[in-house]
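Observations on the three-dimensional arrangement
Read off the chains here:
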Amino acid sequence: MTELLTLDIESIAAGGDGIARHDGLVVFVPRTAPGDRVVARVERGRRFARGCVERVERASSDRVEPACPHYERDRCGGCQLQHLSAAAQAEAKRGIIRDNIRRIGRRTVELPMLHGEGPAWRYRQRVSLAMRPEGNGWRAGFHRHDAADDVFALDDCHLAREDVMTLWRETRAGDGFLPAAPGLRVTVNAAEGRGALAVEGGSAWPDAPRFAAALPAGTGVWWTPEGGRRRRVDAGAPDLPGASFSQVNPHIADLLHAHVEAAVMAAGPQHVVDAYSGTGRLASALHARGIAVTAIELDAEASAHAAAQLARPSRAITARTEDVIGTVFPADVVVVNPPRTGLHPRVAAALEASAGGVAAIVYVSCDPATLARDLSRLPSWDVAGLDAFDMFPQTAHVETVAVLRSRRSG
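What counts and what doesn't
Residues numbered from 1 in each chain as written. Predicted model: local features only at pLDDT ≥ 70, side-chain atom pairs only at ≥ 80, totals over all residues. Heavy atoms only, no water. Pairing = 2+ DSSP bridges. Helix = DSSP H or I, 4+ residues; strand = E, 2+ residues; numbered from the N terminus. Contact = heavy atoms within 4.5 Å. Axes fitted to C-alpha atoms, helices over the stretch in contact; angles between N-to-C directions. Parallel < 35°, antiparallel > 145°, perpendicular 65-115°, else oblique. Left-handed = near helix turned anticlockwise from the far one by under 90°. Nonpolar A, V, L, I, M, F, W, Y, C, P; charged D, E, K, R; others polar.

Section: the sheet that holds strand β12 (residues 184-189)
Read across the sheet, six strands follow the order β9-β8-β12-β13-β14-β15 without closing on themselves; strand pairing throughout is mixed. The open sheet has two free edges, formed respectively by β9 (137-141) and β15 (231-232), since each of these has just one partner strand. Helix-sheet contacts for helix α3 (residues 162-171) involve β8 (126-134), β9, β12 and β13 (196-200), and the interaxial angle to β12 is about 130 degrees.

Some words on the packing of helix α2 (residues 86-103) against helix α11 (residues 368-376)
It is the contact of α2 with α11, at a shortest axis distance of 8 Å, that shows an interaxial angle of 30 degrees. The angle between the axes of α2 and α11 places the two elements in the roughly parallel class. The two elements α2 and α11 cross, and the hand of that crossing is right-handed. Note on element contacts: α11 touches α2 through Pro368, Ala369, Leu371, Ala372 and Leu375, opposite Ile96, Ile97, Asn100 and Ile101. Partitioned by chemical class, the residues of the contact of α2 with α11 number eight nonpolar, one polar and no charged.

Let's talk about the pairing of strand β6 (residues 48-58)
Here three bridges tie strand β4 (residues 25-29) to β6, and the two strands are oriented parallel to one another. When the sheet's bridge partners are listed, Phe28 is paired in β6 with Arg50. Of the strand pairs in this sheet, strand β5 (residues 37-44) and β6 are connected by eight bridges, and their pairing is antiparallel. Looking at the pairing, Arg37 lines up with Arg58 of β6. In sequence, β5 turns back onto β6 through a hairpin of three residues.

The following block contains the structure:
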């Protein structure tokens, strides 16, 4: 059952929805701004309600006209905050981090600094699109924000660099050779001047060579079948797939990397554990400074790339972090950069138990909610530093770096 309510939007929630309150009930309303007064069609749930704007009665001063036509015309779910000014987006992201840590993590923290000295548009060197069968071809684009199963046809993503979109359009010549499946996910990457595609889905791909042959010369192709492991399917050399390992926003990624490296060095470590280490960029930089690094990464290709940059006493371990974290101590600093799901409970338990010997944890998070949850699992650690990095302008996503100091370490 739905009802029409007049709502005053107070703030922005994780995920980008506006937050209003009505008779003690929290209402989440997408595509609204703090200061808006809206009439919304609201469906009540047990603990909260969701609303859909019927009309804006009073527009917030934070509102701007979205630059991308897909945002309103197709209700694109790729962005959540295009209707907010840059300043309002920054305040929303800072607030999301602080509020999650206070509410879930039970820690008192101030608003973090947001580092966002980069382009607000055309910053993505990698973009992932959903593909659905349509007639004799494919419809490719993003999901709608209010209908997650529905994919609209994308003309242009204003967040993607021009060379990424050019590569994407050129790859459509091979659509007829894609694996049969009810849906695919295709990631296009133009990092470092090289084209790369990663296809996910399907159980068989007999036309993979024909697909690769239809692409621009030098474009690498990787495939992850349903329930299987990623592998390269074109005729190129088996090096690391840029479509899987490169940063989405290289400019902000460089700022974040420099910040994390400085935070590690501030502790004067001799041995650093770099968990969820990826291709070993941080591990390699610390190793070059004469620090012994233990890099832990589950992906075999990424771990092999890290190992090639390290020498004893540094090392790379190919494993799940939760399976080996208890074997890598003693260490002076632990860096964790987990996926969106956050730390495995065994990792959090090992870090809590290490508080008497490890001086600092540098936690790189892509989800403030799971960061906050993990902080609640680390009662022996204080938040000594909190910084945010605007890796994804126009979206509600934000990267956070929390520096934790042990209360028990000498």
